[in-house]
Amino acid sequence: MTHPALEMYNYHVWANQTMLNRLKELPQDVYNKEIQSVLSTISKAIAHIYLVDACWLDIISGKSMREAMTDSAQMTVGVESKSIEEMEKMYVQISERFKTLLNQQENMEKRIVLDNPYTRPRETSLSEMVLQVVNHATYHRGNITAMLRQMGHASVMTEYALYWYS
């Protein structure tokens, strides 16, 4: 049986691709248009989701949280400059890396100590980290939906229940 966190990760991949597909349908200028919102452009929101995914992948792979955050921050400018098509390819690549790593885990409830530089150390399971990845992206896909509506465009549904039927 598949661990529920792995199924949630599959949902995460589906929801990101569903959003990217919608963005590719819209006029090209929408992706980089500056607006007053949580993030200044949809492209930065898409990049942010990717960068946080990369950070958590590094942590699950064994890097310290501080090192993973530093590495992710160093990639920001390069990732934010990518086109939607380039980001789509990067999302496919990172999801393949994530799935390979997660499928190699013998125990998704294995706990590691996160040395979060903004708070205190905390023991966290691999499954909790995967759920954090999914939750974080869900939040920002909601931001993207609001940004699209603010610009006069409809978004797309990426709810988990819709994924069940996809």
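Residues numbered from 1 in each chain as written. Predicted model: local features only at pLDDT ≥ 70, side-chain atom pairs only at ≥ 80, totals over all residues. Heavy atoms only, no water.

## Examining the environment of T158
Right, on to step 1. Secondary-structure assignment places T158 in the loop between helix 5 (126–150) and helix 6 (160–164).
Right, on to step 2. By relative accessible area, T158 is classed as buried at 13%.
Right, on to step 3. C-alpha separation for the pair T158 and T138, spaced 20 residues apart in sequence, amounts to 8.3 Å.
Right, on to step 4. Excluding its chain neighbours within four sequence positions, the residues that come into contact with T158 are Y11, W14, A15, T18, M19 and R141. (Helix = DSSP H or I, 4+ residues; strand = E, 2+ residues; numbered from the N terminus. Buried < 20%, exposed > 50% of the residue type's maximum accessible area, 1.4 Å probe, protein only. Contact = heavy atoms within 4.5 Å.)

## Comments concerning the packing of aromatic side chains
Two numbers describe a pair of aromatic rings. These are the distance of the centres and the angle of the planes.
Right, on to step 1. By the definition in use, this model includes eight aromatic pairs.
Right, on to step 2. Residues Y11 and W14 carry aromatic rings whose centres are separated by 6.1 Å and whose planes lie at 35° to one another, so their mutual orientation is tilted. Pair noted here: Y11 and W14 are both in helix 1 (residues 4–25), with a separation of three residues, about one helical turn.
Right, on to step 3. Y11 sits in the buried class, given a relative accessible area of 4%. (Phe/Tyr/Trp six-rings, centres within 6.5 Å; stacked < 30°, edge-to-face > 60°.)

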